[in-house]
Amino acid sequence: MSSSTTLYGGAQGRRVTIRDLAAAKERGERWPMLTAYDAMTARIFDAAGIPVLLVGDSAAMVVYGHESTLPVTVDDLLPLTAAVVRGSSRALVVADLPFGSYQASPAQALESAGRFMKEAGAHAVKLEGGRRVLPQVEALVSAGVPVMAHLGLTPQSVNTFGGYRVQGRGQAGDELMADAKDLERAGAFSLVLECVPADLAQRVTASLAIPTIGIGAGAATDAQVLVWQDLMGLTPRPARFVKQYADLTGVMDQAVRAFADEVRTGAFPAPEHTYT
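Residues numbered from 1 in each chain as written. Predicted model: local features only at pLDDT ≥ 70, side-chain atom pairs only at ≥ 80, totals over all residues. Heavy atoms only, no water.

1. With respect to the sheet that holds strand β1 (residues 31-35)
Whether parallel or antiparallel, the strands of a sheet pair through hydrogen bonds between backbone atoms. Reading around the barrel, the eight strands line up as β1-β2-β3-β4-β5-β6-β7-β8 and close back on themselves, with parallel pairing between neighbours. Strand-to-strand twist in this sheet, taken as the mean axis angle between neighbours without regard to direction, amounts to 25 degrees. As paired strands, strand β3 (residues 92-96) and strand β4 (residues 124-126) are joined by three bridges and run parallel to one another. What sits directly across from Asp96, in β4, is Lys126. (Pairing = 2+ DSSP bridges. Helix = DSSP H or I, 4+ residues; strand = E, 2+ residues; numbered from the N terminus. Axes fitted to C-alpha atoms, helices over the stretch in contact; angles between N-to-C directions.)

See the structure below:
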């Protein structure tokens with residue numbers, strides 16, 4: 001992919017790489033990222049040109065039905081990651097390291113990341129936190145594992161934050177900026193900024209050579225990410241930062257009711273749906 005090729009869409013002959021993301025930052029091109037958890041939706045998003053797919057620990061909520069991201073495990077996410085890799089041919093697939101799979105030590109982080117890379121075929125991993133995870137980031141990068149960092153509202157720390165709240169106001173903004181620069185120095189190839197004031201996200205984006213990915217962080221970040229169920233209107237009470245681009249809840253409800261009615265009345269299956 002040459003520097004003149006756009007990241008969105010672009011060449012279909014190979015996977016997007018972290019070098020492509022860096023080149024997009026250099027030329028000022030913004031790009032989209034979506035979550036994905038299965039082969040079918042990954043295929044749709046990949047064909048639409050989404051350059052990065054995140055197998056998020058948000059699967060704990062949207063796939064497994066938990067109330068937070070905390071319960072999901074490496075074993076839960078491995079088959080989902082493998083499915084997304086198989087369902088895509090161009091997107092860079094990033095696997096979330098779930099709570100409890102990397103915090104203990106760099107060795108634990110490397111073991112968990114190694115499973116995602118070897119068993120599921122992930123191309124990179126994501127982890128949450130600032131200075132406390134710098135040894136993990138350095139160990140992973142040294143071992144050849146690309147790392148996407150994550151600051152601001154880090155859902156795995158929701159109990160510490162006392163809920164899902166905006167992060168980085170006042171002095172906390174200076175701390176977040178310092179963490180961002182430390183993560184870049186440690187080798188992270190990109191940085192998610194979640195639920196932080198837009199002016200802070202703008203300053204962080206301008207201060208880093210690596211791309212920033214916003215979710216509830218204003219319009220100045222280099223990229224934007226959403227959970228696909230939020231984007232498609234499947235989430236009943238989406239966060240303020242979510243824009244719903246479709247109403248799949250309504251579409252699916254209408255289709256299911258039509259199917260049920262036709263079964264009850266005998267209209268389905270019709271002769272064209274029947275073998276002779």
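Next comes the rest of the write-up.
2. With respect to the packing of helix α4 (residues 74-87) against helix α5 (residues 106-119)
Packed helix pairs are specified by the crossing angle of their axes together with the interaxial distance, meaning the distance between the axes. Two elements in contact, α4 and α5, have axes separated by 10 Å at closest approach and are oriented at 25 degrees. For the element pair α4 / α5, the angle class is roughly parallel. Relative to α5, the crossing made by α4 is right-handed. Residue-level contacts link Val74, Asp75, Leu77, Leu78 and Thr81 of α4 to Ser112, Arg115, Phe116 and Glu119 of α5. Grouping the amino acids of the contact of α4 with α5 by side-chain chemistry returns four nonpolar, two polar and three charged. (Parallel < 35°, antiparallel > 145°, perpendicular 65-115°, else oblique. Left-handed = near helix turned anticlockwise from the far one by under 90°. Contact = heavy atoms within 4.5 Å. Nonpolar A, V, L, I, M, F, W, Y, C, P; charged D, E, K, R; others polar.)

3. Considering the pattern of salt bridges
Scanning all chains against the criterion turns up 10 salt bridges. A salt bridge links Asp96 to Lys126; its shortest N-O distance comes to 2.9 Å. Taken as a pair, Asp96 in strand β3 and Lys126 in strand β4 lie far apart in primary sequence, 30 residues in all. Here the two residues Asp96 and Lys126 agree in accessibility, since each one is buried. (Salt bridge = Lys/Arg side-chain N within 4 Å of Asp/Glu carboxyl O. Buried < 20%, exposed > 50% of the residue type's maximum accessible area, 1.4 Å probe, protein only.)

4. What about the UniProt feature "binding site: 3-methyl-2-oxobutanoate" (unreviewed entry) in the protein chain?
Feature annotation in UniProt places "binding site: 3-methyl-2-oxobutanoate" (unreviewed entry) on Asp57, Ser58, Asp96 and Lys126, given in this structure's numbering. Of the residues just listed, which span 70 residues, no C-alpha pair is farther apart than 12.4 Å, and they cluster in one region. Restricting the annotated residues to those that line the largest pocket leaves Asp57, Ser58, Asp96 and Lys126. By secondary structure assignment, the location of Ser58 is in the loop between β2 (52-55) and α3 (59-62). The class of Ser58 is buried, set by a relative accessible area of 14%. Among residues more than four places away in sequence, those in contact with Ser58 are Thr35, Tyr37, Thr69 and Val227. Here Tyr37 takes part through its side chain, which lies 2.6 Å from a polar atom of the side chain of Ser58. Using a relative accessible area of 3% as the deciding quantity, one classes Lys126 as buried. (UniProt positions renumbered as here; feature names shortened; annotations may be inferred. 1 Å grid on protein atoms, 1.4 Å probe; cavity = no way out; pocket = protein on both sides within 12 Å on 5 of 7 lines; lining within 4 Å. Polar contact = N/O pair within 3.5 Å; in protein donor to acceptor, adjacent residues only side chain to side chain.)

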